[in-house]
Amino acid sequence: MNTEIQKHLKDPSYLEKLYRSNKSGFKKAFCEIYPQIKGSEIAEFWHERLTYESDQITWGSRLEWRFVLIASLIAGVLAKFPVIFSIDEDYFYTRNMAFLVFPFVTAYFVWKNKISQKTVGILAAILALAVLYVNLLPDNSSSDTLILVSIHLPLMLWAILGVSFVGGKLSDLPNRLEFLRFNGDTVIMGAILLLSGLLMSGLTVGLFGLIGINIERFYFDYIAIFGLAAAPLVATHLTQTNPQLVNKVPPIVAKIFSPLILIMLVIYLGAIIYSGKDPYNDREFLLLFNMLLIGVMGLIFFSVAETSKDEKNTVGIWVIFLLSIATVLVNGIALSAITYRISEWGITPNRMAVLGSNVLMLFHLLMVTWNLYRSALKKAPLEGVGNTIVLYIPIYFAWTLVVVFLFPLLFGFK
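Position labels on residues start from 1 in each chain and follow its written sequence. Residues qualify for local features only when their pLDDT is at least 70, as the model is predicted, and side-chain atom pairs are given and counted only at 80 or more; totals for whole chains, interfaces and linings, by contrast, use all residues. To get the side-chain values, all heavy atoms of the structure are used, and hydrogens and water are removed first.

**Digging into the overall build of the chain**
Moving on, step 1. Counting from the N terminus, the helices are DSSP H or I runs at least four residues long and the strands are E runs at least two residues long. For the chain, the helix and strand inventory stands at 17 helices and zero strands.
Moving on, step 2. By its C-alpha atoms, the chain is 70 × 65 × 50 Å across when sized along the principal axes.
Moving on, step 3. Relative accessibility under 20% of the residue-type maximum defines a buried residue, over 50% an exposed one, and the middle range a partly exposed one, all with a 1.4 Å probe and only protein chains included. With 414 residues in all, the chain has 44% of them scored as buried.
Moving on, step 4. Whether two residues are in contact is decided by their heavy atoms, any of which lying within 4.5 Å being enough. Here the contacts in the chain between residues at least 6 apart in sequence split such that 77% fall between residues at least 24 apart.
Moving on, step 5. Using a 1.4 Å probe, the Shrake-Rupley method yields the accessible areas, and only the shown protein chains count as cover for residues. By element, 69% of the accessible surface of the chain is carried by carbon and sulfur atoms, the whole surface being about 22100 Å².
Moving on, step 6. One way to put it: in the chain the 32 positive side-chain charges average out to a point 5 Å from where the 28 negative ones average out. Residues scored as charged are limited to Lys and Arg (positive) and Asp and Glu (negative), so that His and the chain ends carry no count. In this description, the location of a charge corresponds to atom NZ of lysine, CZ of arginine, CG of aspartate or CD of glutamate.

Next comes the structure, spelled out in structure tokens:
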């Protein structure tokens, strides 16, 4: 797309056709090359056209909505497989819940970004292998490796979604950072859709109940489940066609919650000492401790992705830096706790998974913290922090592959 725009910059008719064929892809490519071509009349015209924020909602083309509706319908039918084929619901949803969401959003970006057939074939092969593999694992609900696979599989599919989002161009770091922003925007849009759906469901069931017709079971079995299956894809489409709907919300969320989480985390670390609780001998507490760590790390990465738009936000950078230091302390405690538990009670799949994750997160946090410190002192641009975050994502992906595909074999599916 970048090459096509530059090649036909003096051909307004061709540029218009190119834009209409893939609006989001055209906008993304144009913004990337704009610094190289700015100054010419045609470049300034397209820049104003593409960056103008309209208050009107753009629903997208009929073709786009046809794709969204068909994909949502297929996702809804797949969600009904336990009923259609008399499959145990716990067995099916534990293994396949992630496949009801990520492959369809991945397909959306594959279609929108016109990814090469070779890349599409690789992504399809990985997804097919993952579906076959996870459904052939032994049916043992108490298996730790099966639980680990179920937890890490969505992370693997999320990384595959990222490949489709950046159009298969894995070396495109700005687009990787844009992918993080996309996740925040889509979560916000999805939450709005789900809350609206809950309100509509309550009103519908309540109104029919007033006239003596009980539709609760039918509604949730045949309507609500299709709505839930469609929500991620509809949220994705709306964020892509109407970025102005939510792009002002994530920076506000980052600015409000980063300092609040920092204060909470400092108080919480002090409260741990006061309460006498420790993650060394309390398994459940260690689990919650790691969940806290992952949540705070997610907030840091999300905040960096949003703050990187505003290099002048020095206070925001310092807040994220202090939050990173506090998170390094939390990670250090969690890492020492899991190391202690392994030395005392031996190796298990869960302990190895937590150990590996904590080691990876600690190195990543240290790198991010160092770059944040340099950015806060104006010794390096904030862009470097974003690059540090996205460059590390493939390492998490590699670890996820190890947990999903190797752990069950290494630990005998126990």
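Resuming the write-up.
**Digging into the pattern of salt bridges**
Pairs may arise between side chains of opposite charge once their charged atoms sit close together.
Moving on, step 1. The term salt bridge refers to a side-chain nitrogen of Lys or Arg lying within 4 Å of a carboxyl oxygen of Asp or Glu. For the structure on display, the rule yields four salt bridges.
Moving on, step 2. Note that Arg-49 and Glu-16 form a salt bridge whose closest N and O atoms lie 2.7 Å from each other. Of this pair, Arg-49 sits in helix H4 (residues 41–51) while Glu-16 is found in helix H2 (residues 12–21), placing the two residues 33 residues apart along the sequence.
Moving on, step 3. With its nearest N and O atoms 3.7 Å apart, the salt bridge here joins Asp-221 to Arg-217. Separated by four residues within a single helix, Asp-221 and Arg-217 lie in helix H12 (residues 216–241), roughly one turn from each other.
Moving on, step 4. According to the relative accessible area criterion, Asp-221 is partly exposed, its value standing at 30%.

**Let's talk about the packing of helix H11 (residues 173–210) against helix H17 (residues 383–410)**
Moving on, step 1. Where H11 meets H17, the closest approach of the two axes is 9 Å, and the angle between their N-to-C directions is 85 degrees. Considered as vectors, H11 and H17 are oriented roughly perpendicular to each other. Every residue of H17 that contacts H11 at Leu-173, Arg-176, Leu-177 and Leu-180 is listed here: Gly-386, Asn-387, Ile-389, Val-390, Leu-391, Ile-393 and Pro-394.
Moving on, step 2. In this classification, Asp, Glu, Lys and Arg are treated as charged, Ala, Val, Leu, Ile, Met, Phe, Trp, Tyr, Cys and Pro as nonpolar, and every other residue, Gly included, as polar. Split by residue class, the contact of H11 with H17 holds eight nonpolar, two polar and one charged. For helices, the axis comes from a line fit to the C-alpha atoms of the stretch in contact; other axes are also lines fit to C-alpha atoms, and the angle between any two N-to-C directions lies between 0 and 180 degrees. Working definition: roughly parallel below 35 degrees, roughly antiparallel above 145 degrees, roughly perpendicular at 65 to 115 degrees, and oblique for all remaining angles.

**Structural notes on the environment of Leu-409**
Moving on, step 1. With respect to the element layout, Leu-409 can be found in helix H17.
Moving on, step 2. C-alpha of Leu-409 to C-alpha of Tyr-108: the two residues are 301 residues apart in sequence and 34 Å apart in space.

**Looking at unusual backbone geometry**
Moving on, step 1. We note that Ser-86 has phi near 55 degrees; this positive angle belongs to a residue other than glycine.
Moving on, step 2. Mapping Ser-86 onto the fold places it in the loop between helix H6 (81–84) and helix H7 (89–96).
Moving on, step 3. Here Lys-114, not a glycine, exhibits a phi torsion of approximately 50 degrees, which is positive.
Moving on, step 4. Within the element layout of this structure, Lys-114 appears in the loop between helix H8 (102–113) and helix H9 (117–136).

**Digging into H9**
Moving on, step 1. If you check H9, its first and last C-alpha atoms are 28 Å apart, about what 20 residues at 1.5 Å a residue would give, namely 28 Å.
Moving on, step 2. Of the positions making up H9, those classed as buried are Thr-119, Leu-123, Leu-127, Ala-130, Tyr-133 and Val-134. Projected onto a plane normal to the axis of H9, the buried residues spread over an arc of 135 degrees and lie on a single side. For H9, the exposed residues lying more than 90 degrees away from the buried face are Gln-117, Lys-118, Leu-132 and Leu-136. Helix span is expected to be 1.5 Å times the residue number reduced by one. Directions pointing from the helix axis toward each C-beta atom define the arc.

**Some points on the side chain of Thr-400**
Moving on, step 1. Relative to the elements of secondary structure, Thr-400 occurs in helix H17.
Moving on, step 2. What makes Thr-400 buried here is its relative accessible area of 5%.
Moving on, step 3. The contact partners of Thr-400, leaving out residues within four places of it in the chain, are His-152, Leu-155 and Met-156.

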